[in-house]
Amino acid sequence: MNCNKKISILLIALLIGSVSYAQRCNNFHRRGDCKIYRVDGFEPYGQARSALIEVKKPTTFKAVFYGQRDYKIVLCTQYGYYPIHYVISNADTKEILYDNQEDDYVESVGFTIDKTQNLIIEITLMAEKAKVKDAFDLRVCAGVNIYWRKVPRMGF
Amino acid sequence: MKIKSLLIYSLLIILGLVQCKSNKRSETNESNSESTVISTEEQVVYMLPAPDEIFAEIFISDIRLDIQYINSVDNAVNYIDVKSQALNLGVYITDFAYLSVFDNTANELDYLKTIKELTDKVNLYGVVSEGIIERINANLLIKDSLNKISRELYYKMSQILENSDQNNLLVLVSTGAIIEALYLAINNITFKHSADIVERVLEQKFVFDNYYEFAQQYSDDVYVKSVLSQLSGIKKIFDDFSYDETNIKVTKDKDCFIIIEGGKEIIVTEDVYLKLKEKIIDIRMMFVDKA
């Protein structure tokens, strides 16, 4: 292989690498840790997302949660960056509705909601055991997967 | 030969630099698509629903939907500037989702063809691939599959726009999509429908608020700025809603399932409903009427 070809391949590899940097978290929330295996009538909610986020810095996800629905939120990140600390609060009043610290940083939570509201899910990757070598290691994928089902009407 | 090689390397290096710059810029942006690079300053991800998810909240089985409200594919030739092409791309994506509710499936391929033409016009090649067209052909009679495909299409497009650092274009497409969804919802429902359904329409205020906050981040773009100005009337009506408010109460049941009770409930009045309907129809006409 001549020198020109080698340089071309190197440059093309660099280009592909820089594109994939931005795309490496696509659909992360649909993989392994973010899935639930007991469905119980829950369906995936389209507002589930993934993002490339910074370790130890809070990131806010904001979404509408409709009333008279049950939801399950499952959070996941790359191996070695757990535990994940998250706090769910009302976007208008900022009132804290749930903090997973009280449940030893459990990665999923189920809740039923009475009235439609915007909720904020503030996530911090605590990465207690992560060995950070460079800046690249400080940015990792995180997924917020959401499942929902209608609350059955009570009575006859 | 040497000059030719030098030119090729220069081009590749420039492309590489542009790409690096693009990635760096996207780190300071926020997005609603499925994957996002978050900035250190803002760190907010807006999770916005696809049009079919808005419909799923509003259109229950006893509502008779009318096909006449969708934007005709014949209008597509009139959209010759980027703003109207992107806005109406969103409109047609919503119409496609709406069509998947109907048994009459004859129009769906025409709408998909129009979506493909508009995606090409705004340089979004490959969003509507041959694979998607084949899947739609194979699933024309299966409503659930078409719904799923329409949602995939919307999120795939959002992802491509975000990853290519074109959030301003994403705002325009999303604007067209959300306005068309509100337009179709509000035209298929009269105030005489049950209070629950009317309330579901008004509750789209929460989706609109999130969308509006997302769009405001790109208000330095001239098209986004003009669209935000057009939407300010709807925003004002949503902001003026009155509420019945009760304290939020959070409890846990024996299975550790959290129960969130209370909060704000929109007070539904015919006056508010009609004002919103009028404004949405006005804005939607502005978007689609280019003849």
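Residues numbered from 1 in each chain as written. Chains lettered and ligands numbered in written order. Predicted model: local features only at pLDDT ≥ 70, side-chain atom pairs only at ≥ 80, totals over all residues. Heavy atoms only, no water.

Some details on the environment of Asn90 of chain A
In plain terms, the rule: Helix and strand definitions here come from DSSP, where helices need a minimum of 4 consecutive H or I residues and strands a minimum of 2 consecutive E residues; each element is numbered from the N-terminal end. A contact between two residues is defined here by any heavy atoms of the two lying within 4.5 Å. Polar contacts, as used here, are pairs of N or O atoms within 3.5 Å; protein pairs need one atom able to donate a hydrogen and one able to accept it. Residues neighboring in sequence count only if both atoms are side-chain atoms.
Tracing the sequence through the fold places Asn90 of chain A in strand 5 (residues 84-90). Placed 30 residues apart in sequence, Asn90 of chain A and Ile120 of chain A show a C-alpha to C-alpha distance of 6.2 Å. With residues up to four places along the chain from it excluded, the contact list for Asn90 of chain A reads Glu95, Leu97, Gln117, Asn118 and Leu119 of chain A together with Ile248 of chain B. Among the polar contacts made by the side chain of Asn90 of chain A, one reaches the main-chain amide nitrogen of Asp92 of chain A at a distance of 2.8 Å. Reaching out from Asn90 of chain A, the side chain makes a polar contact with the backbone nitrogen of Thr93 of chain A at a distance of 2.9 Å.

Overview of the pattern of salt bridges
Residue and element names in this part refer to chain B. Filter applied, for reference: Salt bridge, as applied in this entry: a Lys or Arg side-chain nitrogen positioned within 4 Å of an Asp or Glu carboxyl oxygen. To sort residues, take the accessible area from a 1.4 Å probe on protein chains only and compare it with the maximum for the residue type: under 20% means buried, over 50% means exposed, and anything in between is partly exposed.
In total, this model carries 22 salt bridges over all chains according to the counting rule given. Ionic pairing is found between Lys235 and Asp239, a salt bridge with its closest N-O pair at 3.2 Å. With Lys235 and Asp239 both in helix 10 (residues 222-239) and 4 residues apart, this pair spans about one turn of that helix. Taking the relative accessible area as the measure of exposure, Asp239 reaches 42% and is therefore partly exposed. Put simply, Lys205, Asp209, Lys235 and Asp239 are held in one network by salt bridges that share partners.

Details of the packing of aromatic side chains
Note the following rule: Classification of ring pairs rests on two measures: the distance between centres of Phe, Tyr or Trp rings, Trp counted by its six-membered ring, which must be within 6.5 Å, and the angle between planes, read as stacked under 30 degrees, edge-to-face over 60 and tilted in between. Put simply, a charge is over a ring when the Lys NZ or the Arg CZ is close to the ring centre, within 6 Å, and near the line of the ring normal, within 35 degrees.
Enumeration according to the criterion identifies 19 aromatic pairs over all chains in this entry. Look at Tyr45 of chain A and Phe65 of chain A: their rings are 6.2 Å apart centre to centre, the planes differ by 45 degrees, and that puts the pair in the tilted class. Pair noted here: Tyr45 of chain A is in the loop between strand 1 (43-44) and strand 2 (49-54) and Phe65 of chain A is in strand 3 (residues 59-65), with a separation of 20 residues, a long-range link. We classify Tyr45 of chain A as buried; its relative accessible area is 7%. An aromatic cluster of at least three residues, connected via ring pairs, comprises Phe208, Tyr211, Tyr212, Phe238 and Phe241 of chain B. One cation-aromatic arrangement involves Lys264 of chain B over Tyr243 of chain B; the distance from NZ or CZ to the ring centre is 4.3 Å.

Some remarks on the layout of surface pockets
Inclusion rule: Definitions used throughout: a 1 Å grid over protein atoms alone; a cavity as a set of points that fits a 1.4 Å probe which cannot get out; a pocket as an open set with protein on both sides within 12 Å along at least five of seven lines; a lining residue as one with an atom within 4 Å of a point. Grid points are joined across faces, edges and corners, and a volume is the space filled by probe spheres set on the points. Throughout this entry, Asp, Glu, Lys and Arg are counted as charged residues, while Ala, Val, Leu, Ile, Met, Phe, Trp, Tyr, Cys and Pro are counted as nonpolar. The remaining residues, Gly among them, count as polar.
Within this model, the largest pocket holds a volume of roughly 1000 Å³. Lining the largest pocket are 32 residues, and of these Glu43 of chain A together with Asp52, Glu53, Asn147 and Arg151 of chain B lie nearest its centre. Secondary-structure elements contributing two or more residues to the lining of the largest pocket are strand 1, strand 4 (69-77) and strand 9 (139-150) of chain A together with helix 2 (51-58) and helix 6 (143-163) of chain B. Considering each element in turn, the lining of the largest pocket owes the most residues, 7 residues, to helix 6 of chain B. Per-class residue counts for the lining of the largest pocket are 13 nonpolar, 5 polar and 14 charged.

Points about the sheet that holds strand 2 (residues 44-47) of chain B
Backbone hydrogen bonds are what pair the strands of a sheet, in a parallel or an antiparallel way. Where we set the bar: Between any two strands, at least two bridges found by DSSP are needed for them to pair. Throughout, an axis means a line fitted to C-alpha atoms (over the contacting stretch in the case of helices), and angles, computed between N-to-C directions, take values from 0 to 180 degrees.
Pairing is mixed across the open sheet formed by 5 strands, whose spatial order is 6(A)-5(A)-8(A)-3(A)-2(B). On the outer flanks of this sheet lie strand 6 (96-99) of chain A together with strand 2 of chain B, each paired with one strand and no other. Ignoring which end each strand starts from, the neighbouring axes of this sheet average 20 degrees apart. By the bridge criterion, 7 bridges tie strand 5 of chain A to strand 8 (residues 117-125) of chain A in an arrangement that is antiparallel. Pairing of Ile84 of chain A across the sheet is with Leu125 of chain A, part of strand 8 of chain A. Lying on the sheet, helix 9 (residues 204-216) of chain B is in contact with strand 3 and strand 8 of chain A together with strand 2 of chain B; it crosses strand 3 of chain A at an angle near 150 degrees.

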